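The chain contents come next:
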Amino acid sequence: VRVILHALPEAGAALRPWLKTKAQQGGFAAFLQTGRKNTLQHVRGSRSGVHRVGPDRIEMQAGPGCFTQVNRLQNSALVAAVLTAAGLQGTEKVLDLFCGIGNFSLPLARRAAHVTGVEDFAPAIEDARRNGRRNRLGNLRFFAEDARGAIARHQSAGPFDLVVLDPPRSGCYPIMQEFLRARCRRILYIS
């Protein structure tokens, strides 16, 4: 169990000892956040957890602040649905925008020639790279950068056969014009 307590900045210092005591008593990992993700502070316990995803049971770790699907059974079903919809033959070049820790990138890499993952939260990309190594997948590249412009930056060897989008709640409106110019063969949008 991992608890991230969100608090006002002025309350953070006072809450830290209380949270540490509660985490020790309850046996859980605890973190304190007093603003955006970059204010996340480790208080007690493991910094990341490992879980298995999809029909291949790929092992992934996710540190605090990284987005993960909270229902693991539902996530495995979602990954399986994405793999079915992708219908990869093993020769495709795939771009996974908003890739997070590699939730879709890694299972897709088992079925594609190459996968490029893009995510703007650098700690998630660090986890994605570790997850790729953990699962011995060498046909992956991950970039900590904004999704805007990613298609143009990474399609130097020709258009992508598949672009996977799993954006945050705010959506991906700012990058939609890029799809019209990029001539991506297929787009798989998860919402």
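A quick note: this is a predicted structure, and the numbers were derived from the prediction, not measured. (Residues numbered from 1 in each chain as written. Predicted model: local features only at pLDDT ≥ 70, side-chain atom pairs only at ≥ 80, totals over all residues. Heavy atoms only, no water.)

S.K.: For this particular structure, what's the right way to read helix H1 (residues 12–26)?
M.R.: An ideal rise of 1.5 Å per residue puts 21 Å on 15 residues; H1 measures up with 20 Å between its terminal C-alpha atoms. Burial in H1 covers these residues: Gly12, Leu19 and Ala23. Packed against the buried residues of H1 are strand E1 (2–6), strand E2 (29–33) and strand E3 (41–44). (Helix = DSSP H or I, 4+ residues; strand = E, 2+ residues; numbered from the N terminus. Expected span 1.5 Å × (residues − 1). Buried < 20%, exposed > 50% of the residue type's maximum accessible area, 1.4 Å probe, protein only. Contact = heavy atoms within 4.5 Å.)

S.K.: How should I be thinking about the sheet that holds E2 in this particular structure?
M.R.: The pairing of strands in a sheet happens through backbone hydrogen bonds and is either parallel or antiparallel. Pairing is mixed in the open sheet, where three strands are placed in the order E1-E2-E3. One side of each edge strand has no neighbouring strand; the edge strands of this open sheet are E1 and E3. Taking the axes of each pair of neighbouring strands and ignoring which way they run, one obtains an average angle of 25 degrees across the sheet. The sheet contact formed by E1 and E2 spans five bridges and is parallel. Each residue of the ladder has a partner; that of Leu5, found in E2, is Leu32. The sheet strands contacting H1 are E1, E2 and E3, and the helix crosses E3 at an angle near 40 degrees. (Pairing = 2+ DSSP bridges. Axes fitted to C-alpha atoms, helices over the stretch in contact; angles between N-to-C directions.)

S.K.: Before we go on, may I ask you to explain the sheet that holds strand E10 (residues 187–189) in this structure?
M.R.: Pairing within the open sheet is parallel, and its five strands lie in the order E8-E7-E6-E9-E10. The two strands at the open ends of the sheet, each matched to only one other strand, are strand E8 (140–144) and E10. On average, each strand axis in the sheet is inclined to that of its neighbour by 15 degrees, with strand direction left out of account. Summarising the sheet, strand E6 (residues 93–97) and strand E7 (residues 114–119) pair through five bridges and their orientation is parallel. The residue bridging Leu97 from the neighbouring strand is Val118, located in E7. Seen against the sheet, helix H4 (residues 122–134) touches E7 and E8 and runs at an angle of roughly 165 degrees to E8.

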